[in-house]
Protein chains: 2
Amino acid sequence: MKIVLLSGGSGKRLWPLSNDIRSKQFLKVVQNGAGEAESMLQRVYRQMQEAGLDADITVATSITQVEPIRGQLGDKVSVVVEPERRNTFPAIVLAAAYLYFEKHCSPEETMIVLPVDPYVGEEYFKMLECLDMAVQDGVADIVLMGVRPTYPSEKYGYIIPAKLSGSLGKGEEILPVVEFKEKPDIHMAQKFIDKGGLWNCGVFAFRLSYLMSIVQTMLEYGCYADVEHQYGKLEKTSFDYAVVEKADSVAVVAYNGEWKDLGTWNTLTEVMDEKPTGDVAVSGDCVNTHVINELEIPVVVMGTKDMVVAASPDGILVADKVQSSYIKKYVEDRDLRPMFEERSWGEYTVLNISVDGGGKRAVTKKKLVQAGRKIEETKHQHHLEVWTVLSGRAVISVQGRKHEALAGDTFTIRRGVAHSLQAEEDVVLLEVQIEEDGD
Amino acid sequence: MKIVLLSGGSGKRLWPLSNDIRSKQFLKVVQNGAGEAESMLQRVYRQMQEAGLDADITVATSITQVEPIRGQLGDKVSVVVEPERRNTFPAIVLAAAYLYFEKHCSPEETMIVLPVDPYVGEEYFKMLECLDMAVQDGVADIVLMGVRPTYPSEKYGYIIPAKLSGSLGKGEEILPVVEFKEKPDIHMAQKFIDKGGLWNCGVFAFRLSYLMSIVQTMLEYGCYADVEHQYGKLEKTSFDYAVVEKADSVAVVAYNGEWKDLGTWNTLTEVMDEKPTGDVAVSGDCVNTHVINELEIPVVVMGTKDMVVAASPDGILVADKVQSSYIKKYVEDRDLRPMFEERSWGEYTVLNISVDGGGKRAVTKKKLVQAGRKIEETKHQHHLEVWTVLSGRAVISVQGRKHEALAGDTFTIRRGVAHSLQAEEDVVLLEVQIEEDGD
């Protein structure tokens, strides 16, 4: 069994914690059993380990998410990078080609695709073995996991299985799928539930050979790079539409455990500890209020009810929980650059952006580079950079010359000059980028 | 007539906009007729000019407030600096000595003391001439202004005049004072109002000679410096207690116009425009919500009612307006350093404080130095400083050597090394202070 996690999403709905780079799956807002903050990505990975899944894990994602994935999981997973964003069908095809050509998986092996960010119980992962068995037994071309609905939601697609809900056995029973229904109104949703309908939670299991045979009808290829180079030719559509709905036989396993889609502040705060995060004081009369402060300045909250307060280097949200679902329109038309990023070498925060009278920008970042990690050699064509080491010890190379760098040392890096940094201890440095005219 | 403005206050109750240095009188949260933001200090000064008062103005304050006063009013007022904080009696004595010895005022001239931060109508300042006349006419040793109460407040002291309120004429009528009552309960407050009682708003008028003759019984002096050096000997008490309540004759003039004490967010927001300040988006369903954002990152507020949201480099407040009155306890026991200061040369914001593993701090500030102004020569014994110019043009002196400084230039200033900066254009620079061990 090979597991492919799909990691996408722009995450505007959890602004200011999420942004185009820091999608919701990377936010450390849930807690593990030991009370430590972890991200949804880290939670899903940990749960898979705890469930004892003997499976290789590959994450399919865009280039912007590679650094945060490496920052949070290190080298414990393989990462397949989509050349461009083209929906779930092309992404899953690319991951399949990667497993086939690069990991040399047997075509008969089961590939299970799951979203990276469901908030679920451990049973969810145990059930993946049941999907694997069903695929290997040849029950159907594609085996899905369906979530037992808890209310007639208008937000999800429904999978209608062959039998009535009354006759369904335990979650492990595998039922043929009769049809799929897109997001219905509440009236129809209730009808689907009465028929035993399940929420489509985006979990697909199939033999690798099954998908590769479909791909063969679309592309000519002999290696992974062939598929990668023709990525733009794959239809920009969902896997449900391109594959599942056209399959000869589809089966579903019902999952009866906890399952939450933490897509909005309102749903996310349901699973969050009410204990505030960061430098926060909350008055005793606050009711059902969640406060998350990622800034280095204190937040004081008094007399609030049913609210979420979230502060990050990107901005500050103060919202009634129900209203917070409508945040997208307040942030999506603004070209907000991410002010915080996790990278493979550590993380940075934008401290300031100054614009002078002539419109030239000076961007000041604080960078934390972890001991032993490296900022790879790079050159900038449009700005000069000044580095000031605040603490720690590093070797900084500027145009091939290496310098031992300690607190108080500065490095001025002119346009076009190659530079890199190797951290010997945890290093904190200030980076100022000053725009300059081109030649 | 000489006017003395008392500028004090630590301003914790308007946190995070106010702090130990930036008292509430310096916050630019009210608007002048042209819709421009101004501070209470600037408003009071402007109103005095508009009232056509032919008076010299002196501000009595502590050393920490000199820079913001100069930054907001320039050299238009004299400033008397209290050697230490010792309540209003010593502060007024020092100001009197300053007028007498340094400004060579006639002892017969009227000195009028007023708080720097009342939110009042223009009539308030017109009435000062009426106080002056009363003093010059010898109506009483001390003439007060009393505010006509609008409700039985428990927050103010009451001045009880001789006649019943029913027989009081226009505001200009001057009445002998029978007694003073400290902050009463609501029941007593109503009784005082029925008797014609007025709120004590801290406005005192008297002949300079009157106060100097009292001081003569306490200190021996022959010049201003004598009084300044013996400042610690003056009782740490209020002017009301030390002088007014012991005077042979006190009279009061009733002020019937607008008067507000903007000491809390709840009262301050009553006079503020509801239009948010700074980079703010407020959803249409917000009701009676004030948002002030002094940070460079956006604030989004959704679905709030009767709330104040204030963000500054010192911190972020999200509070129900009524609850905001209790803010003091959430901020007073914290040793919060001011993260923003106005100075005579411009202003600075602390962008970051990093502490390394060994407990050494690196503080990063952004400084804006206005064209033509100067950061005077100084030396630091405990930290090295790195300056990086982000924009503008300055002459920077380090150990007597002058350097023309432009965007991208860095200056490393070791401990004990004298340095100064003269701005030739508006200059923005980054200053990093890195703590070092002493010798």
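Heads up: the structure comes first, above all this text.
Residues numbered from 1 in each chain as written. Chains lettered and ligands numbered in written order. Predicted model: local features only at pLDDT ≥ 70, side-chain atom pairs only at ≥ 80, totals over all residues. Heavy atoms only, no water.

Asker: Just to check I follow, could you spell out the overall build of chain A for this structure?
Answerer: Helices and strands together make up the secondary structure of chain A, namely 10 helices and 28 strands. Computed over its C-alpha atoms, the radius of gyration of chain A comes to 24 Å, within 12% of the 22 Å expected for a compact globule of 439 residues. Structurally, chain A occupies a C-alpha span of about 70 × 65 × 40 Å along its principal axes. Expressed as a percentage of the 439 residues in chain A, the buried residues total 57%. (Helix = DSSP H or I, 4+ residues; strand = E, 2+ residues; numbered from the N terminus. Rg over C-alpha atoms; globule rule 2.2 N^0.38 Å. Buried < 20%, exposed > 50% of the residue type's maximum accessible area, 1.4 Å probe, protein only.)

Asker: Could you clarify how one ought to interpret the sheet that holds strand 25 (residues 401-405) of chain B in this entry?
Answerer: Strand pairing within a sheet occurs via backbone hydrogen bonds; the two strands may be parallel or antiparallel. Residue and element names in this part refer to chain B. The four strands lie next to each other as 22-27-24-25, forming an open sheet whose pairing is antiparallel. Two strands bound the open sheet, and with one partner strand each, they are strand 22 (374-378) and strand 25. Within this sheet the neighbouring strands show an average axis-to-axis angle of 20°, counted without direction. Sheet topology places strand 24 (residues 394-398) next to strand 27 (residues 419-423); five bridges connect them, and they run antiparallel. Following the sheet pairing, Val 398 is matched in strand 27 by His 419. (Pairing = 2+ DSSP bridges. Axes fitted to C-alpha atoms, helices over the stretch in contact; angles between N-to-C directions.)

Asker: I tried to follow the relation of the copies chain B and chain A on my own but got confused; where do I start?
Answerer: Both copies of the chain are related by a screw-like operation: a rotation about an axis and a shift along it. Mapping chain B onto chain A leaves a residual RMSD of 0.2 Å; the transformation is a rotation of 179° accompanied by 0.0 Å of translation along its axis. Seen this way, the second copy is the image of the first under a two-fold rotation axis. Relative to the rotation axis, the C-alpha of Leu351(B) is the closest in chain B, positioned 3.1 Å from it. With an isologous cut-off of 70% or more, the 100% of interface residues of chain B that recur at the interface of chain A puts this contact in the isologous class. (Least-squares fit on C-alpha atoms with pLDDT ≥ 70 in both. Contact = heavy atoms within 4.5 Å.)

Asker: Looking at this structure, how should I read the pairing of strand 9 (residues 158-161) of chain B?
Answerer: Successive side chains on a regular strand alternate, one facing one side of the sheet and the next facing the other. Residue and element names in this part refer to chain B. Neither face of strand 9 is exposed, since Tyr 158 and Ile 160 on one face and Ile 159 and Pro 161 on the opposite face are all buried. As paired elements, strand 9 and strand 10 (residues 174-181) share four bridges and run antiparallel to each other. Note that in strand 10 the partner of Ile 160 across the bridge is Glu 179. One ladder, built from two bridges, connects strand 9 with strand 11 (residues 198-207); its direction is antiparallel. Within the sheet, the bridge partner assigned to Ile 159 lies in strand 11 and is Leu 198.

Asker: Any chance you could explain helix 2 (residues 66-73) of chain A here in plain terms?
Answerer: Residues lying three or four places apart along an α-helix face the same way, a consequence of the helix completing one turn every 3.6 residues. All names here are of chain A. Of all the residues in helix 2, the buried ones are Val 66, Pro 68, Ile 69, Gln 72 and Leu 73. Angularly, the buried residues of helix 2 cover 165° about the axis, an arc narrow enough to put them on a single face. Where helix 2 is buried, its residues contact strand 1 (2-7), helix 1 (40-50), strand 4 (56-62), strand 5 (78-82) and strand 19 (340-343). Phi turns positive, to about 65°, at Gly 74, one or two residues after helix 2. (Arc of directions from axis to C-beta.)

Asker: Just checking my understanding: could you explain the interface of chain B and chain A for this structure?
Answerer: Interface size is commonly expressed as the accessible area that is lost once the parts come together. On the chain A side, the residues contacting the 60 residues of chain B number 60 residues. When the area that chain B buries against chain A is broken down by residue, the three leading residues are Met302(B), Ile316(B) and Tyr330(B), summing to 16%. Where chain B touches chain A, the interface holds zero salt bridges. Along the contact surface separating chain B from chain A lie 14 residue pairs in polar contact (both at pLDDT 80 or more). Residues that form the side of chain B that touches chain A fall into these classes: 36 nonpolar, 16 polar and eight charged. (Buried area = accessible area lost by both parts, 1.4 Å probe. Salt bridge = Lys/Arg side-chain N within 4 Å of Asp/Glu carboxyl O. Polar contact = N/O pair within 3.5 Å; in protein donor to acceptor, adjacent residues only side chain to side chain. Nonpolar A, V, L, I, M, F, W, Y, C, P; charged D, E, K, R; others polar.)

Asker: What's the story with the pairing of strand 24 (residues 394-398) of chain A in this structure? I'm lost.
Answerer: Residue and element names in this part refer to chain A. Most of strand 24 sits out of view: five of its five residues are buried. Residues Ala 394, Ile 396 and Val 398 of strand 24 are buried on one face, and the alternating residues Val 395 and Ser 397, pointing to the opposite face, are buried as well. Hairpin connection from strand 24 to strand 25 (residues 401-405): two residues lie between these consecutive antiparallel strands, with Gln 399 at a positive phi of about 50°.

Asker: It is not clear to me how the sheet that holds strand 18 (residues 315-320) of chain B should be interpreted in this structure. Could you clarify?
Answerer: Strand order across the open sheet formed by five strands is 14(A)-16(A)-18(B)-17(B)-15(B), with mixed pairing between neighbours. In this open sheet, the two edge strands, each paired with only one partner strand, are strand 14 (280-282) of chain A together with strand 15 (287-293) of chain B. Direction aside, neighbouring strands of the sheet carry axes that sit 5° apart on average. The pairing of strand 17 (residues 305-312) of chain B with strand 18 of chain B spans six bridges and is antiparallel. Within the sheet, the bridge partner assigned to Val309(B) lies in strand 18 of chain B and is Val318(B).

Asker: Explanation requested: the packing of helix 1 of chain A against helix 2 of chain A in the structure shown.
Answerer: Packed helices, taken two at a time, are described by the angle between their axes plus the distance between the axes. Residues and elements named next belong to chain A. At a minimum axis distance of 10 Å, the contact between helix 1 and helix 2 shows a crossing angle of 50°. Compared by their axis directions, helix 1 and helix 2 come out oblique. Handedness of the helix 1/helix 2 crossing: right-handed. Together, Leu 41, Gln 42 and Tyr 45 of helix 1 and Ile 69, Gln 72 and Leu 73 of helix 2 make up the contact between the two elements. (Parallel < 35°, antiparallel > 145°, perpendicular 65-115°, else oblique. Left-handed = near helix turned anticlockwise from the far one by under 90°.)

Asker: How should empty space enclosed by the protein be read in this particular structure?
Answerer: Residue and element names in this part refer to chain A. Enumeration according to the criterion identifies four cavities of 30 Å³ or more in this entry. Estimates place the volume of the second largest cavity at around 50 Å³. Residue lining of the second largest cavity: Leu 14, Lys 24, Leu 27, Val 29, Met 40, Asp 117, Leu 262 and Leu 268, and that is the complete set. (1 Å grid on protein atoms, 1.4 Å probe; cavity = no way out; pocket = protein on both sides within 12 Å on 5 of 7 lines; lining within 4 Å. Points joined across faces, edges and corners; volume = space filled by probe spheres on them.)

Asker: Help me out: how do you make sense of the nonpolar core in this one?
Answerer: Ranked by size, the top nonpolar core spans 64 residues in total, and within it Ile316(A), Ile396(A), Leu421(A), Ile316(B), Ile396(B) and Leu421(B) carry the most contacts. When residues no more than four places from it in sequence are discounted, the contact partners of Ile396(A) are Trp387(A), Val389(A), Arg401(A), Lys402(A), His403(A), Ala405(A), Phe411(A), Ser420(A) and Leu421(A). If you look at the next biggest cluster of nonpolar residues, it comprises 48 residues, including Val77(A), Leu131(A), Ala189(A) and Val203(A). (Core = buried A, V, L, I, M, F, W, Y, C linked by side-chain atoms within 4.5 Å.)

Asker: Honestly, the pattern of salt bridges in this entry has me stumped. Any pointers?
Answerer: Pairing between side chains of opposite charge can happen when the charged atoms of each approach one another. Counted under the stated rule, the structure contains 48 salt bridges over all chains. For the salt bridge of Arg86(A) with Glu84(A), the shortest nitrogen-to-oxygen distance reads 3.3 Å. You can call Arg86(A) buried: its relative accessible area is 12%. Between Lys24(B) and Asp261(B) there is a salt bridge, with its nearest N and O atoms 3.7 Å apart. Of this pair, Lys24(B) sits in the loop between strand 1 (2-7) and strand 2 (30-31) while Asp261(B) sits in strand 13 (residues 259-261), and the two are 237 residues apart along the sequence.

Asker: Even after reading the chapter, I still don't get the side chain of Lys367(A), so can you show me in this structure?
Answerer: Residue and element names in this part refer to chain A. By secondary structure assignment, the location of Lys 367 is in strand 21 (residues 361-369). In terms of polar contacts, Lys 367 uses its side chain to reach the side chain of Glu 431, at 2.7 Å. Leaving out residues up to four positions away in the same chain, Lys 367 has contacts with Trp 345, Glu 347, Tyr 348, Ile 375, Val 427, Val 428, Leu 429 and Glu 431.

Asker: Help me understand the environment of Thr61(A) in this model?
Answerer: Residue and element names in this part refer to chain A. When you line up the elements, Thr 61 lands in strand 4. For Thr 61 and Arg 85, which are 24 residues apart along the polypeptide, the C-alpha to C-alpha distance reads 8.6 Å. Ignoring any residue separated from it by four or fewer positions in sequence, one finds Thr 61 in contact with Ser 7, Val 66, Ile 69, Val 79, Val 80, Val 81, Glu 82 and Arg 85.

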